[in-house]
Every structure is written in structure tokens, then in C-alpha cells.
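Here is what each chain is made of, one letter per residue.
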Amino acid sequence: EVQLVESGGGLVQAGGSLRLSCAVSGLTFDDYVIGWFRQAPGKEREGVLCFSSSDGRTYYADSVKGRFTISRDNAENTVYLQMNSLKPEDTAVYTCEATMFNSALDLLLEPTYEYDYYGQGTQVTVLS
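Residues numbered from 1 in each chain as written. Predicted model: local features only at pLDDT ≥ 70, side-chain atom pairs only at ≥ 80, totals over all residues. Heavy atoms only, no water.

A.B. asks: Please give an account of the overall build of the chain that cites residues and values.
C.D. replies: For the chain, the count of helices and strands is 1 helix and 11 strands. Scanning the chain from its N terminus toward the C terminus, one meets helices and strands in the order β-β-β-β-β-β-β-β-β-α-β-β. A compact globule built from 128 residues would reach a C-alpha radius of gyration of about 14 Å, and the chain, at 13 Å, matches this within 12%. Dimensions of the chain along its principal axes, counting C-alpha atoms only, are 40 × 30 × 25 Å. Look at the contacts in the chain between residues 6 or more apart in sequence, and 62% of them connect residues 24 or more apart. (Helix = DSSP H or I, 4+ residues; strand = E, 2+ residues; numbered from the N terminus. Rg over C-alpha atoms; globule rule 2.2 N^0.38 Å. Contact = heavy atoms within 4.5 Å.)

Given below as C-alpha cells:
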């Protein structure tokens, strides 16, 4: 059974940092692309970034470029989303998702792209 479990969300002041975790089980990392998405109330789902473990590439949304990064702990099968210089507009529920490898990472970040597996989400609230 494939499971993705997010953690690390919370409340933070604007300008602060948070690190989200996504613990992955039941799939082989190199066969999948991991995507982070977010959705705020009343807004469309938005792709944050997607990461291809097989070739080490990451594709970032313009809105987070230079502020968010992704890393992976192979031993723990966990992917981390480091979020720095947070802004109130980053407030949303963040979900970690997995889809079979596709080299077109820009396509995978489209909000309408349907991933194969996803977690339950974790709330991030940035106070102004």
C-alpha cells in the first residue's frame, strides 16, 4: 500500500521558515516524481514544486522560486520542503503527491495534472 504522510505545518510570522516533511512508503522513489501542491480556501490548487529523484531535477513555481527548496532523506524515505521567507499568500493546505516518472516536470506542476497518490495535507498559516 502506498502512503504519503505530511507533517510540519503550523503557524509562522511573515518572513519566517517552516520545513514540511513527506514520509513515503510503498513505492520506489526513482520510479516516481514527488510534487508539492497547495490550496487556499476559495482558490485554485497550485503547484509548488515537483522533484524527480531519478535524475535529481526540480521544477519550481515562479511564486516560490528562490524561497522554497526540496531535499530527500534516502534512509528515511522522506522528502522535505524547506520554506523560507514565508509570505501571508503562502497560507494554504500543502499536500505531497506522487506520480509515475515523467520528464516534463513543468507539465506535472500544472494544477489540473492528476497524481497517482497523495497525502492528507498539512496546514501552513503565515501571519502578516
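A.B. asks: Break down the sheet that holds strand β7 (residues 68-73) for me, with residues and values.
C.D. replies: Read from one edge of the open sheet, 4 strands run β1-β3-β8-β7, paired in antiparallel fashion. A single partner strand is all that each edge strand has here, and the edge strands are β1 (3-7) and β7. Taking each pair of neighbouring strands and ignoring which way they run, the sheet shows an average axis angle of 20 degrees. As judged from the 6 bridges shared by strand β3 (residues 18-25) and strand β8 (residues 78-83), these two strands associate in the antiparallel manner. Counterpart to A23 in the pairing with β8 is T78. (Pairing = 2+ DSSP bridges. Axes fitted to C-alpha atoms, helices over the stretch in contact; angles between N-to-C directions.)

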